[in-house]
Amino acid sequence: MTSMERIRATTVVAVLRDGRGAIGSDGQVTLGETVAKHGAVKVRKLYHGKVLVGFAGGAADAFTLWEKFEGHLERYNGHLRRATVELAREWRSDRILRRLEAMMIVMDREDAFIVSGNGDVIDSEHHIAAIGSGGAYARAAARALIENTGLSAREIVDRALRIAGETCIYTNTHTTVLELDDEEEEA
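All values reported here derive from a predicted model rather than from experimental measurement. (Residues numbered from 1 in each chain as written. Predicted model: local features only at pLDDT ≥ 70, side-chain atom pairs only at ≥ 80, totals over all residues. Heavy atoms only, no water.)

1. Section: the overall build of the protein
Logical step 1: In terms of regular secondary structure, the protein is built from five helices and twelve strands.
Logical step 2: The globule rule puts the C-alpha radius of gyration for 187 residues at 16 Å, and the 16 Å found for the protein is close to it.
Logical step 3: Counting only C-alpha atoms, the protein reaches 50 × 40 × 25 Å along its principal axes.
Logical step 4: Each of the 187 residues in the protein was classed as buried or not, and the buried ones make up 48%.
Logical step 5: Long-range contacts, defined here as pairs at least 24 residues apart, represent 59% of the contacts in the protein between residues at least 6 apart.
Logical step 6: As presented, the protein carries roughly 9,700 Å² of accessible surface, and 47% of it is formed by carbon and sulfur atoms.
Logical step 7: A distance of 5 Å separates the average location of the 24 positive side-chain charges in the protein from that of its 29 negative side-chain charges. (Helix = DSSP H or I, 4+ residues; strand = E, 2+ residues; numbered from the N terminus. Rg over C-alpha atoms; globule rule 2.2 N^0.38 Å. Buried < 20%, exposed > 50% of the residue type's maximum accessible area, 1.4 Å probe, protein only. Contact = heavy atoms within 4.5 Å. Areas by Shrake-Rupley, 256 points an atom, 1.4 Å probe, with all protein chains shown as cover. Lys, Arg positive; Asp, Glu negative; His and termini not counted. Charge placed at Lys NZ, Arg CZ, Asp CG, Glu CD.)

2. Description of the sheet that holds strand 3 (residues 20-26)
Logical step 1: With antiparallel pairing, the four strands of this open sheet are ordered in space as 11-2-3-12. In this open sheet, the two strands that pair with only one neighbour each are strand 11 (128-132) and strand 12 (175-179). With direction set aside, neighbouring strand axes in the sheet form an average angle of 10°.
Logical step 2: Both strand 3 and strand 12 contribute to a ladder of five bridges, which runs antiparallel. Bridge pairing in strand 12 places glycine 24 opposite valine 177. (Pairing = 2+ DSSP bridges. Axes fitted to C-alpha atoms, helices over the stretch in contact; angles between N-to-C directions.)

3. A closer look at helix 1 (residues 59-75)
Logical step 1: Counted at 1.5 Å a residue, the expected span for helix 1 with its 17 residues is 24 Å, and the 24 Å between its end C-alpha atoms agrees.
Logical step 2: Of the positions making up helix 1, those classed as buried are Ala62, Leu65, Trp66, Phe69, His72 and Leu73. Projected down its long axis, helix 1 carries its buried residues within an arc of 125°, all on one side. The exposed set on the far side of helix 1, more than 90 degrees from its buried face, consists of Ala60, Glu67 and Arg75.
Logical step 3: Positive backbone phi, at 50°, marks asparagine 77, one or two positions downstream of helix 1. (Expected span 1.5 Å × (residues − 1). Arc of directions from axis to C-beta.)

4. Looking at the pattern of salt bridges
Logical step 1: In this structure the tally under the stated criterion is nine salt bridges.
Logical step 2: Linking glutamate 90 and lysine 68 is a salt bridge whose minimum nitrogen-to-oxygen distance equals 3.3 Å. With glutamate 90 in helix 2 (residues 80-93) and lysine 68 in helix 1, this residue pair connects regions lying 22 residues apart in the sequence.
Logical step 3: Of the charged contacts, one joins arginine 143 and glutamate 147 as a salt bridge, the two residues approaching to 2.8 Å between their closest N and O atoms. Of this pair, arginine 143 and glutamate 147 both sit in helix 3 (residues 135-148), four residues apart, roughly one helical turn. (Salt bridge = Lys/Arg side-chain N within 4 Å of Asp/Glu carboxyl O.)

5. Quick word on the nonpolar core
A general feature of soluble globular proteins is that nonpolar side chains tend to end up buried together.
Logical step 1: One finds Phe69 and Met104 to be the most contacted residues of the largest nonpolar core, which totals 22 residues.
Logical step 2: Elements with a minimum of two residues in this core: strand 7 (51-56), helix 1, helix 2, strand 8 (103-107) and strand 9 (112-116).
Logical step 3: With residues up to four places along the chain from it excluded, the contact list for phenylalanine 69 reads Leu46, Val51, Val53, Leu80, Ala83, Thr84, Leu87 and Val106.
Logical step 4: Val13, Ala141, Val157 and Ala164 belong to the second largest nonpolar core, which has 17 residues in total. (Core = buried A, V, L, I, M, F, W, Y, C linked by side-chain atoms within 4.5 Å.)

So this is what it looks like as structure tokens:
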């Protein structure tokens, strides 16, 4: 792969609303001028279904960072803010990890953060976090839906991703949306 053939991928958006959280991503992976894959899954549940994560970047990098983050969640008993800060610190200071060009969204029922290898931990604004090629489109759509509808977090994520997929050439409408488990299901 030449430097001209950059991998471009992903729109990930997370929404907190009415004590519920949802995160979703499109499935497109683009290599140069070609769509390499339509149905990639870039979101997952961690820490017994109590934390959702989404990733923009390469798959190998995603699995490495998800594993590191899950270790921090276990170490800090699911405390999202502490685990997120520790991941960002490690990501920035580790000689190998800091070379990863990626971003993540992590969330639980109370908080959503954008995390990068530069050491950034950005708290969500308006209970929305978005990253990736179509992140700005998804964030704008989600904000309009939050302010003007009574839709659930899951419905907002789904519609925001569809709007981004119809606007951004690096985003498609083949989406994956995950919700935080209901309290009753966790017992």
